[in-house]
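These are the residues of each chain, in order.
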Amino acid sequence: MVATLINEQAEAVVYAPATGLLSYMWLLIAIPAVSALILLLAGKAANRWGHWLGVASVLASFVLGLTLFFQLRNLENRSVVENLYSFIPVGNLRVDFGLLFDPLAACFVLLITGVGFLIHLYATGYMAHDEGRRRFFGYFNLFIAAMLLLVLGNNYVMLYFGWEGVGLASYLLISFWYGRPAAATAGKKAFLMNRVGDAGLVLGIFLMFAWLGSTNYEVVFNNIGTLGSTTVLLIGLALLAGACGKSGQFPLQAWLPDAMEGPTPVSALIHAATMVTAGVYLIARSNPIFSENTTLQTVVVSVGAITLLLGCIIGTAKDDIKRVLAWSTVSQIGYMFLGVGLGGGAYALAIIHLLAHGFFKANMFLGAGSVMHGMNDQVDIRRFGGLYKYMRITWLTFMMGWLAIIGIPPLSGFFTKEPIIVAAFSRPGWTGWLFGLAALLGAGLTAFYMTRLFILTFHGPKRWTTAKEGLVDQHPHESPAVMTIPLILLALGSIVAGGLMVTSVPQWLEPVLGPETAEHPKIAHGALTALSLVLTVAGAGLAYALFRKGTALTPQPAGVLVTAARNNLYTDAFNEAVFEKPGNWLTRLLVFVDNKGVDGLVNGLAAAVGGGSGRLRRLQTGFVRSYALSMLVGGVLVLGAFLAVQLGWMG
Amino acid sequence: MGDTISFPHLDYAALWPMLILFGAACVGVLVEAFVPKAWRNTVQLVLSLLAMGAALVMVIKRAAAGVTAANAHTASDAISIDKAGLFLQGALLVLGIVSLLLIGERTLETGGPFVAQAAITVGSEADRRQAARESGATEVYPLALFALAGMLLFVTANDLLVMFVALEVFSLPLYLLCALARRKRLLSQEAAVKYFLLGAFASAFFLFGVAMVYGFANAVDFNSIHANISTSDKPFALLLIGLAMLAIGLLFKVAAVPFHVWTPDVYQGAPTPVTAFMAACTKAAAFGGLARVLYVGFDRSNWNFTPVLGVIAVLTMLVGAVLAVTQTDLKRLLAYSSVANAGYLLVGVLGGGAAGLSSMLFYLVAYGFAIIAAFALLTLVRDADGEATHLSRWAGLGRRSPFFASVFTFLLLAFAGLPLTSGFTAKFAVFGAAIGGGQTWLVLFGVLSSIILAFPYLRVIVMMWLSEPGDTTPSVSIPGALTSAALMVGVLVTLLLGVAPSSLLDLANNAASFVR
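Residues numbered from 1 in each chain as written. Chains lettered and ligands numbered in written order. Predicted model: local features only at pLDDT ≥ 70, side-chain atom pairs only at ≥ 80, totals over all residues. Heavy atoms only, no water.

**Some details on the overall build of chain A**
We count it as follows: Put simply, DSSP marks the helices as runs of H or I at least four residues long and the strands as runs of E at least two long, and each gets a number from the N terminus on. Note on exposure labels: buried denotes an accessible area under 20% of the residue type's maximum, exposed denotes more than 50%, and partly exposed covers the range between, all computed with a 1.4 Å probe on protein chains only. Should any heavy atoms of two residues lie within 4.5 Å, those residues are counted as being in contact. Areas reported as accessible are Shrake-Rupley estimates using a 1.4 Å probe. Residue values count occlusion only from the protein chains shown.
Broken down by element type, chain A carries 25 helices and three strands. Each of the 651 residues in chain A was classed as buried or not, and the buried ones make up 59%. The long-range fraction of contacts in chain A, counting pairs at least 24 apart against all pairs at least 6 apart in sequence, stands at 81%. Within the structure as shown, chain A displays about 24,800 Å² of accessible surface, and the carbon and sulfur contribution to it stands at 67%.

So this is what it looks like as structure tokens:
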């Protein structure tokens, strides 16, 4: 191998053109997209069969994805592109509508369509009595199509298309039950925070245009080494902002738990398994950019570490079954960010944790939905208890998810979270200790709050009421087969996925993410594993000891830390004080200046004149003389500015 | 052609589009006098559409024949029908035709959107009678034709005086058109008077600027101005004041901050079809003129106007976006959004070079179609008092008529710049051009303001879909053929330019050159 002077490690990225069946990869996106279109436009005629069309389209995409995956395995160069058409072909603004199918994209395609199919299937049962079922499946298909576009695009603009598409679908689905004010508010919050992140992504894309002249992965990755380190840092931070917004990472995490107002299958698919991991995908996909700058990697790692602890701590204090799961999602994605931030071999570790998480978290969300289904939509874990007797399948499958997430061998989480902790300890310098301990502490906390959730829901004394005993009529029962079958399949995935993927997937991803790196953790590998297992068991044991006898039905007075955790560690209050209030003030000020400020001079007179001329005039906020005055002031300012700028330059 | 005509200053082939429009407008005035009332509307509508169609054909023929530096100038270099000018003329005609369809709509309410006789006292018995029964004034057609012809001249004027004349030719009919609403006439008349007074004020700035520039460069045509800037021995301040004043006059027409104050009132008060016409065509004409002044007359080789105009662009984007957030009337909301869009267009212009110009041309067309379609939809949502434009009235419209609510949602998403709509490609083009021109700071503010601007649109969408219809939710009228056509064209173009923008981008790119 001849090492080049510019960049010794990076091999040139070369994508081969797609041939044969692979050139039909656009069908992966087109099938759910067309199905979404039919469902949304067909009207009431499709009410009876619409949901089955939705399920079938995702299944078709999955089968196709699987076929393409096997095709890809037989190729020498496992990265194939297909340019469908030239989207913006003019001058130096050149954007193609192109798709890229490579090992990384293949993983995501299989996750999205596979887990997506199971959740679609589950939703046919869960949404059976909802009058908006057809619309729901339309949005759901739209989401699948957009998500596939996101992971299949061969340039950042295509990624952005999918990015906006999943955002739109998620927004529509969060507010799906718009009759509930909380749902509409949550939808708006999601939209707002995502817009902030999206702006970062857009800027990143434009910066690539400015400095590299292209947004094609191939061009960007091959030329990123030619840019200065500050430039790379700027691009990377812009992309990171986008990733944080979409993945609910610090400081843009607040929308994700609120998004649980949507129907539970949405929480499972979009806000646990797929969409929220788009940020991890973005960073993993952009690994040549992120690996280029160590400061950038430190920022990503810090975001991951902060978020994973934040999520754990808040998760311990929540009583809403879906909120606990949501904060645990935030925390688990924190682990993935930690992984992609560490770089090197840890990229692949983050991806396998992402895939495993897709299984066990979807499993637990659907389990939570099954519990709610049987408990008259009750979500408060203080009012469950002893449910294992009534819903055996849900209990067993949820147990698999619980054991998987807290990392009990030989379930998934053990194989995928463990290596991230080891990798964190392997980071050189004192930061290795810092991030390693954060990850380790997170493991213990995770065991605590997930055990609390599990025990309070399924074990301990019954704390719910039937019609005879109290106001709320609850008859816990197992859900229909169409809901339990996906649960069983996902539970199987939660058990075996981690073990199966732990070596095969990193090898498979090597062409995209680079080879595995040898790790030298600060503590010996075996000791570290033992330590983390001890912490996990301790956390779980503590939770069992505290909650096996149940808990009070209402929140009890608590210390400072618990109160803070109940209030999301005051991050919402922070957002309100720092962003919302000043924003409101600015708006009010501008409105005042625009409508009232100049008018104020003449308003006294105006009141006298305006009285007689009827209501319509009062609709008008302004008077022509004040408008003219503001134009004159503007004119003087512009004149002054022209002169000032010019004289400044001349002098 | 040149060899058969003895005085070479008038190249009729190049001037045909304008001559046809002016001629048709004059014939239109005669139609008012001689054609029986029952027939007038049909005759005027057909005449106007034919004239615009013919003018468009002439523009296309001219473009097909090829424009070179040699054959661009005519009428003693007072008019320059170069590639960019021709593109703008074509765009103005196409947008004009679509908005004329809205102006011609007569089935949505008895007699159409215009008052029968503008001179009737508001609120009198005669006014109530005309509002209920009488068919609307047909003078709107010749007025619209005059305005459009003026715009065609404005974008090809190669001389500050011709430009000023064209400015007045297209402004005066617009002032009148604004006053002709059938309903809410007081609002309409007030809007017209405001527009007129402020327009006159702005014209005075422009004219004063012309005088200053003449004082400095001793010429009013762009070619000599450009040549004399570097050689003149007059005080440089004269030129600066001149250009600043020219810019103020033009920035008024494009509705840039702080010269935007008229926009919400006029957009709200004017009859909605006229608002659509102004939002699409006036904006295109004004930006065409502004770009010509900046690219041809005062290009950046001598000195740099970017900082000042850049600050104006930033202010325009931010103020437009922030104020749109608080609007409760849809016409005012679209007015502020149009202010913000003027800012994005300025970003494109300041991007400079062919890329900047072509992105501006593309944006004008994309935005024009979308805004016409949006206003077309506004004309459909009505109650007993005419159009119901207050936002609260649109609550639950998605339940009442999902189709129109979906169309409007699509248009709003396009304004918000979502991918696969023309809004995305257009913003992408202007921001890309600005990045290419080294104006990254403008793009920063552009992206920021587009985030803010997404909220008002979102609020309308939420209102339509996520609220229960109230007792006051108006019904959506079934549109007549003309409005349907305008709406359909607008929506389809918005979609087409979002999915496959390459042909228009190519066209704009090829057209992106002025001839000095």
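Having put the structure on the table, let's press on.
**With respect to the overall build of chain B**
Put simply, the rule is: Atoms counted for the radius of gyration: C-alpha only. Globule rule: 2.2 Å times residue count to the power 0.38.
Helix and strand counts for chain B stand at 21 helices and five strands. In terms of C-alpha radius of gyration, chain B reaches 22 Å, essentially the compact-globule figure of 24 Å for 516 residues. C-alpha extents for chain B along the principal axes are approximately 70 × 55 × 40 Å. Counting all 516 residues of chain B, 67% fall into the buried class. Within chain B, counting contacts between residues at least 6 apart in sequence, those at least 24 apart form 81% of the total.

**Here we look at the pattern of salt bridges**
A side chain of one charge can pair with a side chain of the opposite charge when the charged atoms of the two come close. Going by this rule: The salt bridge definition used is simple: a Lys or Arg side-chain nitrogen within 4 Å of an Asp or Glu carboxyl oxygen.
Within this structure, the stated rule accounts for twelve salt bridges over all chains. One salt bridge connects R323(A) with D258(A), and the closest N-O pair in it is separated by 3.2 Å. Here R323(A), found in helix α14 (residues 321–342), pairs with D258(A), found in helix α9 (residues 255–258); they are 65 residues apart in sequence, far enough to count as distant. Two residues, D383(B) and R393(B), come together in a salt bridge whose shortest N-O distance is 2.7 Å. Of the two residues, D383(B) sits in strand β3 (residues 381–383) while R393(B) sits in the loop between β4 (386–387) and α16 (397–400), which places them ten residues apart along the sequence. One network of salt bridges, in which partners are shared, links E190(B), K194(B), D265(B) and R332(B).

**Considering a nonpolar patch on the surface**
Worth spelling out the cut-off: Candidates for patches are residues over 30% relative accessible area with no salt bridge; among them, like charges are joined within 9 Å and nonpolar side chains (Val, Leu, Ile, Met, Phe, Trp, Tyr) within 5 Å.
Taken together, L21(A), Y24(A), W26(A), L84(A), Y85(A), L420(B), L495(B) and V499(B) make up a surface patch of nonpolar side chains, about 620 Å² in accessible area. Among the secondary structure elements, Y24(A) is positioned in the loop between β1 (16–17) and α1 (26–41). The class for Y24(A) is partly exposed, based on a relative accessible area of 43%.

**Let's talk about the interface of chain A and chain B**
Our working rule: Distance and chemistry together define a polar contact, namely a pair of N or O atoms within 3.5 Å, with one atom able to donate a hydrogen and the other to accept it when in protein, and with adjacent residues in sequence counting only for side-chain atoms on both sides. Gly counts as polar in this scheme, as do all residues outside two lists: the nonpolar Ala, Val, Leu, Ile, Met, Phe, Trp, Tyr, Cys and Pro, and the charged Asp, Glu, Lys and Arg.
At the interface, 56 residues of chain A touch 71 residues of chain B. There are zero salt bridges connecting chain A and chain B. Our count for the contact surface shared by chain A and chain B stands at one residue pair in polar contact (both at pLDDT 80 or more). Counting residues per element, the ones that place at least two in the side of chain A that touches chain B are β2 (80–90), β3 (93–101), α5 (156–174), α6 (181–212), α22 (571–600), α24 (614–619) and α25 (624–650) of chain A. The element contributing the most residues to the side of chain A that touches chain B is α25(A), with 17 residues. Here the side of chain A that touches chain B is composed, by residue class, of 38 nonpolar, 13 polar and five charged.

**A short note on the nonpolar core**
This is how it is decided: Within this scheme, the nonpolar core is defined by two criteria: the residues are buried Ala, Val, Leu, Ile, Met, Phe, Trp, Tyr or Cys, and they are joined through side-chain atoms within 4.5 Å.
Core analysis: the biggest nonpolar cluster contains 413 residues, and F101(A), I289(A) and F408(B) have the highest contact counts within it. For this core, the element with the highest residue contribution is helix α15 (residues 353–380) of chain B, accounting for 20 residues. Dropping the residues within four chain positions of it, I289(A) is found in contact with Y156(A), M208(A), V220(A), F221(A), I224(A), V232(A), I235(A), G236(A), L239(A) and L296(A). Counting six residues, the second-largest nonpolar core is a separate cluster that includes Y171(A), A454(B), V462(B) and L466(B).

**So, helix α4 (residues 83–103) of chain B**
To be explicit about the condition: Working rule for helices: expected span equals 1.5 Å times residues minus one.
Compared with the 30 Å implied by 1.5 Å per residue over 21 residues, the 30 Å span of α4(B) between its first and last C-alpha is a close match. With 18 of its 21 residues buried, α4(B) lies for the most part within the structure.

**Remarks on the side chain of T138(B)**
All names here are of chain B. Here T138 lies in the loop between α5 (125–132) and α6 (140–156). The buried category is assigned to T138, whose relative accessible area is 7%. Excluding residues that lie within four positions of it along the chain, T138 makes contacts with E32, R40, N41 and Q44.

**Focus: the sheet that holds strand β5 (residues 475–476) of chain B**
Residue and element names in this part refer to chain B. This is how it is decided: Two strands qualify as a pair provided DSSP detects at least 2 bridges between them.
The strand order across the open sheet built from three strands is β4-β3-β5, with neighbouring strands paired in antiparallel fashion. Edge strands, defined here as strands with exactly one partner in the open sheet, are β4 and β5. As paired strands, β3 and β4 are joined by two bridges and run antiparallel to one another. Counted as the bridge partner of R382 is E387 from β4.

**Here's the deal with the packing of helix α14 (residues 330–351) of chain B against helix α18 (residues 422–436) of chain B**
Residues and elements named next belong to chain B. Which entries qualify depends on this criterion: Structural elements are reduced to axes, namely lines fitted to C-alpha atoms, with helices fitted over the stretch in contact, and the angle between N-to-C directions of any two is expressed from 0 to 180 degrees. Oblique is the label for any angle not under 35 degrees, not over 145, and not in the 65 to 115 range, which are roughly parallel, roughly antiparallel and roughly perpendicular in turn. Each helix crossing is assigned a hand: it is left-handed if the near helix lies turned anticlockwise from the far helix by less than a right angle, otherwise right-handed if that turn is clockwise.
Two numbers describe how α14 lies on α18: the axes approach to 7 Å, and their chain directions differ by 40°. The angle between α14 and α18 places the two elements in the oblique class. Regarding α14 and α18, the two cross each other, and that crossing is left-handed. Here Y344, V347, G348 and G351 of α14 come into contact with α18, specifically with K427, V430, F431, A433 and A434. Here the contact of α14 with α18 is composed, by residue class, of six nonpolar, two polar and one charged.

**Comments concerning the confidence of the model for chain B**
Residues and elements named next belong to chain B. Note the following rule: Per-residue confidence from the predictor is reported as pLDDT, a score between 0 and 100.
On average, chain B scores 88 in pLDDT, and the residues at 70 or more come to 97%. Mean pLDDT across the elements of chain B ranges from a minimum in β5, with 76, to a maximum in α6, with 95. Reported confidence for the predicted complex is 0.80 by ipTM and 0.86 by pTM.

**Some thoughts on the packing of aromatic side chains**
All names here are of chain A. Rules: Pairing of aromatic rings covers Phe, Tyr and Trp, the last through its six-membered ring, and needs centres within 6.5 Å; plane angles under 30 degrees mean stacked, over 60 mean edge-to-face, and all others mean tilted.
Taken as a whole, this structure holds 41 aromatic pairs over all chains when the rule is applied. Measuring from centroid to centroid gives 5.4 Å for F398 and F458, while their planes differ by 50°, and the two rings are tilted. Linking F398 in helix α16 (residues 392–406) with F458 in helix α18 (residues 430–458), this pair joins segments that are 60 residues apart in sequence. A residue is classified by how much of its surface remains accessible, and F398, at 1% relative accessible area, is buried.

**Overview of the environment of A192(B)**
Residues and elements named next belong to chain B. With respect to the element layout, A192 can be found in helix α8 (residues 185–217). The buried category is assigned to A192, whose relative accessible area is 7%. Distance in space between the C-alpha atoms of A192 and A270 is 7.4 Å, their sequence separation being 78 residues.

**Focus on the packing of α14(A) against helix α15 (residues 346–374) of chain A**
When two helices pack together, their arrangement is given by the angle between the helix axes and by the axis-to-axis distance. Residue and element names in this part refer to chain A. Where α14 contacts α15, the two axes come as close as 9 Å, and the packing angle between them is 175°. Classified by the interaxial angle, the pair formed by α14 and α15 is roughly antiparallel. Within the contact between the two elements, α14 uses I321, K322, L325, A326, S328, T329, Q332, Y335, M336, G339, V340 and L342 and α15 uses A346, Y347, A350, H353, L354, H357, K361, M364, F365, A368 and M372. Across the contact of α14 with α15, the residue classes break down as 15 nonpolar, six polar and two charged.

**Some points on the confidence of the model for chain A**
Residues and elements named next belong to chain A. With 86% of its residues at a pLDDT of 70 or more, chain A has an overall mean of 81. pLDDT under 50 marks residues 1–9. Its contacts with residues more than four places away, or in other chains, come to three contacts. Low pLDDT, under 50, characterises residues 596–620; the predicted model gives this stretch 28 contacts beyond four residues in sequence or across chains.

**Digging into unusual backbone geometry**
The peptide bond linking P409(A) to P410(A) adopts the cis configuration, its omega dihedral lying at 5°. Locating P410(A) in the fold gives a position in the loop between α16 and α17 (412–425). In this model, V257(B) is joined to P258(B) through a cis peptide bond whose omega is 5°. In this fold, P258(B) is placed in the loop between α10 (236–254) and α11 (262–269).

**A look at the environment of F222(B)**
Examined against the element boundaries, F222(B) turns out to sit in helix α9 (residues 222–229). Leave out the neighbours within four places in its chain, and F222(B) touches A157(B), N158(B), D159(B), L160(B), M163(B), R292(B), V293(B), V296(B) and G297(B).

**Describing the environment of S247(A)**
Residues and elements named next belong to chain A. Within the secondary structure, S247 sits in helix α8 (residues 229–247). With a relative accessible area of 0%, S247 lands in the buried category. The sequence separation of S247 and G197 amounts to 50 residues, and the corresponding C-alpha distance is 9.6 Å. Ignoring any residue separated from it by four or fewer positions in sequence, one finds S247 in contact with L256, V276, T277, A278, G279, V280, I333 and F337.

**Observations regarding α15(A)**
Side chains that are three or four residues apart share a direction in an α-helix, a result of its 3.6 residues per turn. Residue and element names in this part refer to chain A. Keep this limit in mind: What is called the bend at a residue is the angle between a pair of axes, fitted to the seven residues leading up to and ending at it and to the seven starting from it.
With 29 residues, α15 should cover 42 Å at 1.5 Å per step; its first-to-last C-alpha distance of 41 Å lies within 8% of that length. The largest bend along α15 reaches roughly 25° and is located at H357. For α15, the buried fraction is high: 27 of the 29 residues fall into the buried class. N376, located one to two residues past α15, shows a positive phi value of around 60°.

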